[in-house]
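Tertiary structure, described
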Amino acid sequence: MEEKIGKFFESVGSFFGGGDQIPWCDRDVIAGCEREVADAKGDSEELKSESIMRLSWALVHSRQAEDTQRGIAMLEASLANSSSELQQREKLYLLAVGYYRTGEYSRSRQLVERCLEIAPDWRQALALKKAVEDRIAKDGMIGIGITATAVGLIAGGIAAALARKK
C-alpha cells in the first residue's frame, strides 16, 4: 500500500514539476565557458564560434532565468550568421530549449519544428518536441481544473446565498 501511495505522489510531483529529461547547467560551468570565450579573443573565428556555442548551451540550460534570457539573446543574434545547416539546427534547438525553460512553449514548439525540418530524425529534437507538447497539454489541464474550481466556488456561493434568503 505504501508503495502505491509513493508512486501516486511521485506521479503528481512529476505532473506539476514537468519531469523532462533536459539537463541543467550550474554557475561553475557557465563561468568556465565565459572564461573560455574571453580567452578565445585572439583565436580563429571557428574557435571563437565554438566557445560561444558552448556558452550559449550552458546559458540556456541554466536554472537562472537571467542566464537563460542571455543565452536566447546570444543565439538569436548569431542565428543569421549560421554557416551550415548543422549550425542552424544546433542554434534552433538551443533556442527551443531556452524558450522551453522560460515557459514560452508555443515559441519553443515552433523552433523545434523548424529544427526537425532540417533533421527529421534527430532524437534530441524529437524528445524536446514531446516534452513541449506534454507541457502544453499539462498546462491546459491545469487551466481547465482551475476554471472548473472557480465555477464550482461561484455556484456554491450563489447556492449558499439563495439558501440564506429562504
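Our subject is the structure that appears above.
Nothing here was measured: the structure is a model prediction, and the numbers come from that model.

1. What about the overall build of the chain?
For the chain, the count of helices and strands is seven helices and zero strands. Along the chain direction, N to C, the helices and strands of the chain fall in the order α-α-α-α-α-α-α. Scored against the burial criterion, the 166 residues of the chain give a buried share of 30%. Within the chain, residue pairs in contact and separated by at least 24 positions form 56% of the contacts whose partners lie at least 6 positions apart. Accessible area of the chain: about 10,700 Å², with a carbon and sulfur share of 57%.

2. Observations concerning the pattern of salt bridges
Applying the stated criterion across every chain, the model contains six salt bridges. Its salt-bridge partner being D67, residue R27 comes within 2.4 Å of it at the nearest N-O pair. Remark: D67 occurs in helix 4 (residues 65-79) and R27 occurs in helix 2 (residues 27-39); sequence separation between them is 40 residues. The class for D67 is buried, based on a relative accessible area of 5%. For K130, the salt bridge identified is with D134, shortest N-O distance 2.8 Å. Here K130 and its partner D134 are both found in helix 7 (residues 123-165), four residues apart, which amounts to about one turn of the helix. For K130, a relative accessible area of 51% gives the class exposed.

3. Description of helix 6 (residues 105-118)
Given a rise of 1.5 Å per residue, 14 residues ought to cover 20 Å, and the 20 Å separating the end C-alpha atoms of helix 6 matches this to within 8%. Residues of helix 6 that are buried include every one of Y105, S108, L111, V112, C115 and L116, and no others. Down the axis of helix 6, the sector holding all buried residues measures 145°, keeping them to one side.

4. Brief notes about the state of the cysteines
What the rule picks out here adds up to zero disulfides. Free cysteine C33: the closest other cysteine sulfur is in C25, separated by 6.4 Å.

5. Things to note about the environment of E133
Here E133 shows up in helix 7. Looking at E133, the relative accessible area reads 33%, which means it is partly exposed. Considered as a pair, E133 and S106 are 27 residues apart in the sequence and their alpha carbons are 8.9 Å apart.

6. Topic: the side chain of S62
With respect to the helices and strands, the residue S62 is situated in the loop between helix 3 (45-60) and helix 4. If we ignore the near neighbours within four places in the chain, the residues touching S62 are W24, C25, I30, D67 and T68.

7. Points about the packing of helix 3 against helix 4
Two elements in contact, helix 3 and helix 4, have axes separated by 7 Å at closest approach and are oriented at 140°. Where helix 3 crosses over helix 4, the handedness of that crossing is left-handed. On helix 4, the residues touching I52, M53, L55, S56, L59 and V60 of helix 3 are D67, T68, R70, G71, I72, M74 and L75. Grouping the constituent residues of the contact of helix 3 with helix 4 by class yields eight nonpolar, three polar and two charged.

Definitions and limits used
- Residues numbered from 1 in each chain as written.
- Predicted model: local features only at pLDDT ≥ 70, side-chain atom pairs only at ≥ 80, totals over all residues.
- Heavy atoms only, no water.
- Helix = DSSP H or I, 4+ residues; strand = E, 2+ residues; numbered from the N terminus.
- Buried < 20%, exposed > 50% of the residue type's maximum accessible area, 1.4 Å probe, protein only.
- Contact = heavy atoms within 4.5 Å.
- Areas by Shrake-Rupley, 256 points an atom, 1.4 Å probe, with all protein chains shown as cover.
- Salt bridge = Lys/Arg side-chain N within 4 Å of Asp/Glu carboxyl O.
- Expected span 1.5 Å × (residues − 1).
- Arc of directions from axis to C-beta.
- Disulfide = S-S within 2.5 Å.
- Axes fitted to C-alpha atoms, helices over the stretch in contact; angles between N-to-C directions.
- Left-handed = near helix turned anticlockwise from the far one by under 90°.
- Nonpolar A, V, L, I, M, F, W, Y, C, P; charged D, E, K, R; others polar.

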